[in-house]
Amino acid sequence: MTAATVEETHHVHATAGGGSPWRMLTRGGWIRAAWMTCLFGALGFGIVVLARWGGGWHPILATDPIVLVSLLVAAPLGFLAGLGAFDYWTYYALGGATRPEDHSGHGARSWKDYFRVNTDHKVIGMQYLVTTIFFFLIGGMLALLVRAELAKPGMQYFDNQTFNGLFSVHASLMIFLFIIPAFAGLANFVVPLMLGAPDMAFPRLNALSFWLLPIAGIMMVASFVVPGGAFACGWTGYVPLCSTHQPLGAVFFNQAVQWAGASSIMTALNFLVTIITMRAPGMTFWRMPLLVWANFTTSLLVVIATPFIAGSQFFSMFDHVMHTAFFDPAKGGYPLGYQHIFWFYSHPAVYIMMLPGFGIMSEVISVFSRKPVFGYRLMALSLMAIVVLGFSVWAHHMFVSGMASWLRVPMMITTLLIAVPTGIKIFSWLATMWEGKLHFNTPMLFALGFLSMFVIGGLSGVMLGAVPIDIHVSDTYFIVAHIHYVLFGGSVFTIFAGIYYWFPKMTGRMYDEKLGKLHFWLTFVGFNLTFFPMHIIGTQGMPRRVSDYAPKFADVNMFISIASFGLGASVLVFLYNMITSWRDGELAGSNPWRGMTLEWLVTSPPPVFNFDEIPQVVGSPYEYGVPGAQHAVLVPSKATEMEEVPV
């Protein structure tokens, strides 16, 4: 189908029946989503009331089950149905007549197309990125409120419950609504292009995966306004604190994790099928870019591990709402069982938040060093090794939990062992840069920042893997410093590198290089001033997750709080650069970085279906400096050849 035909069919679809009020109420979109959200919410309310009345349970209007079924399950389903996420499948399931695909739900021709169910992987990637940056800003604001409270000893602005809610929602948003889905957004845009595919394997499932995400984020933020306030038991949701001793906000956390987890699983399955079945001719696994390898291994982790956190949150929710006793020790429950289940997901989740960044680093460092990736196959195999070893280290989070003592030494050994494949990557990136022709553009600066910060986080991780050190610094600010050096210095730096690197391809315009470098240096300096001192006060005994502390830590905490506001201000430079450059930036060519991977063979932004000609892969994606080397050539399709035949 030609671009003109797609435009025409889109216009016909968009205008058909537009003047009919009935048509406006019943076609998929925000109007239908509004009334179907209310309708499904009312149905959920009715189901709970009827069930409790029929079963003789009192009170009939019990708040917790009504909120759970009506607001956290039924209403979101009504929203998705109203928006049009299930229209195709419902029509098919009801036996509707076969109708041709007009591709009217594919691609963006105006800004409005980003606010509807869209099946174009590039549009979905942009939807992911903009949404995750929105929740990143909210999570950052919550962190600044935490640091405002901690600037001085004593209680300044919040009570203990509110303070606990602030850092709990902050961490949950950053992990479940920013880092994990931001990587999914970058991969959504780039991976099909890198593979030479026209789209993801399941475009409608891809669209649905995105729209689950804002539902999860809104639930987490909305927990602040329910009676009792937000969930205040940390992003880990430890029981029985979170299952039976917290207000209704804890159920919002349980359900938000379920929605975000469902989104992750759908996306991961889509990536696996796309990577396995939709590679361009000639692209073997050993010719795939390392970003594709990284998302392949990440998707394996997501599919295997995420059901475990889903189970843990279901059981915790049952204890809260249905008064079961899975984790209630007073009734024979096993609270340590929750931690084992949770960390069996959440330590692999650390690599879910790291492996895509490793892939981005391989692309950026190779391109801006103008050298092939050193040890390409070993880099790919080390990704697979991390997948396997990642499931063998979960209990190092539980050295002081009271778990079986015999587990400590095996978990310590596997924790130290998993540093080997990670170390392979560090030395490979260093070898790639060695004697390369380095170009210090903004993506490369963030890559170098990542390398230095992630090494610090990795070294403190090795320290925490040792049982005696972990026992000493557990529940101190040393842990806060470690996790931020890994997830901010690691994951967030790589996300920024990826956004800057592919910004020309996404928007067709160049960002402002001076503002990009200013953003990097403000972020790099602000980050280190904020989090490095936490190592010191942590070893001195400053406890984490507390709203008050000993006066001897006052000066350092004031310094950290001031630095944190500087770090927060650096994001404003990023936002200004992205918005103004997207609107007025210099036009970008198809390949401003002189990259070799397939996405740089098409226009910026790419065509609706990516490739007007079929890419034929003929070599490695990283043969920089090799005369005449090519990763792929474009072969005219039969349809194109027929169009070129003179009449």
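That block above? That's the structure.
Residues numbered from 1 in each chain as written. Predicted model: local features only at pLDDT ≥ 70, side-chain atom pairs only at ≥ 80, totals over all residues. Heavy atoms only, no water.

What follows deals with empty space enclosed by the protein. Counted under the stated rule, the structure contains two cavities of 30 Å³ or more. Counted as a void, the largest cavity has a volume near 190 Å³. Taken together, 18 residues form the lining of the largest cavity, with Ile180, Ala184, Ser264, Thr267 and Val302 sitting closest to its centre. Breaking the lining of the largest cavity down by element, the ones donating at least two residues are helix 7 (160-195), helix 10 (249-277) and helix 11 (290-321). The element that contributes the greatest number of residues to the lining of the largest cavity is helix 10, accounting for six residues. By volume, the second largest cavity is sized at about 100 Å³. For the second largest cavity, the lining is made up of 13 residues, of which Phe176, Ala260, Gly261, Ser264 and Tyr345 are closest to its centre. At the level of secondary structure, the elements contributing two or more residues to the lining of the second largest cavity comprise helix 7, helix 10, helix 11 and helix 12 (335-352). Sorting elements by how many residues they give to the lining of the second largest cavity places helix 10 first, with four residues. Here the residues of the lining of the second largest cavity sort into 10 nonpolar, three polar and no charged. (1 Å grid on protein atoms, 1.4 Å probe; cavity = no way out; pocket = protein on both sides within 12 Å on 5 of 7 lines; lining within 4 Å. Points joined across faces, edges and corners; volume = space filled by probe spheres on them. Helix = DSSP H or I, 4+ residues; strand = E, 2+ residues; numbered from the N terminus. Nonpolar A, V, L, I, M, F, W, Y, C, P; charged D, E, K, R; others polar.)

Scanning all chains against the criterion turns up 61 aromatic pairs. When the ring of tyrosine 338 is compared with that of phenylalanine 342, the centres are 5.8 Å apart and the planes differ by 15 degrees; the resulting orientation is stacked. With a gap of four residues between them, tyrosine 338 and phenylalanine 342 both fall in helix 12, about one helical turn apart. Side by side, tyrosine 338 and phenylalanine 342 carry an identical accessibility label, which is buried. Its guanidinium or amino end placed over the ring of tyrosine 88, arginine 204 lies 3.5 Å from that ring's centre, counting from NZ or CZ. (Phe/Tyr/Trp six-rings, centres within 6.5 Å; stacked < 30°, edge-to-face > 60°. Buried < 20%, exposed > 50% of the residue type's maximum accessible area, 1.4 Å probe, protein only. Lys NZ or Arg CZ within 6 Å of the ring centre and 35° of its normal.)

Time to look at the state of the cysteines. Applying the stated criterion across every chain, the model contains one disulfide. The residue that forms a disulfide with cysteine 233 is cysteine 242, at a sulfur-sulfur distance of 2.0 Å. Both residues of the pair, cysteine 233 and cysteine 242, belong to the buried class. (Disulfide = S-S within 2.5 Å.)

Structurally, aspartate 113 can be placed in the loop between helix 5 (87-93) and helix 6 (121-150). Exposure remark for aspartate 113: the relative accessible area of 6% places this residue in the buried category. Within the structure, the side chain of aspartate 113 is placed 2.8 Å from the side chain of arginine 116, a separation counted as a polar contact. (Polar contact = N/O pair within 3.5 Å; in protein donor to acceptor, adjacent residues only side chain to side chain.)

Turning our attention to unusual backbone geometry. Between valine 239 and proline 240 the backbone carries a cis peptide bond, its omega angle lying at 0 degrees. Relative to the helices and strands, proline 240 resides in the loop between helix 8 (203-222) and helix 9 (241-244). Omega for the bond connecting serine 604 with proline 605 falls within 30 degrees of zero, at -5 degrees, which places this linkage in the cis form. With a phi angle near 55 degrees, arginine 370 is a residue other than glycine that sits in the positive phi range. Mapping arginine 370 onto the fold places it in the loop between helix 13 (355-369) and helix 14 (376-389). Taking relative accessible area as the criterion, arginine 370 reaches 16% and is therefore assigned buried. Positioned with a positive phi, arginine 594 is a non-glycine residue whose angle comes to about 60 degrees.

Residue position: tyrosine 334 is located in the loop between helix 11 and helix 12. In this structure the C-alpha to C-alpha distance between tyrosine 334 and valine 239, which are 95 residues apart in sequence, comes to 9.3 Å. Contact partners of tyrosine 334, with chain neighbours within four places excluded, come to Phe326, Phe327 and His340. (Contact = heavy atoms within 4.5 Å.)

Right, let's talk about the nonpolar core for a bit. With 185 residues, the main nonpolar core has Leu80, Phe176, Phe358, Trp429, Phe450 and Trp502 as its most contacted residues. Among the elements that make up this core, the one with the highest residue count is helix 7 (24 residues). Apart from residues no more than four positions distant in its own chain, phenylalanine 176 is found in contact with Pro181, Leu213, Met220, Trp235, Phe253, Val257, Ala260, Ile309 and Tyr345. (Core = buried A, V, L, I, M, F, W, Y, C linked by side-chain atoms within 4.5 Å.)

The subject of this paragraph is the environment of glutamate 599. Residue position: glutamate 599 is located in the loop between helix 21 (554-584) and strand 1 (613-617). Take glutamate 599: its relative accessible area is 1%, and that puts it in the buried class. Put simply, glutamate 599 and glycine 196 are 403 residues apart on the chain and 7.9 Å apart in space, counted from C-alpha to C-alpha. Apart from the residues lying within four places of it in its own chain, the contact partners of glutamate 599 are Val190, Leu193, Met194, Trp502 and Lys505. Within polar-contact distance, the side chain of glutamate 599 engages the side chain of tryptophan 502 at 2.9 Å.

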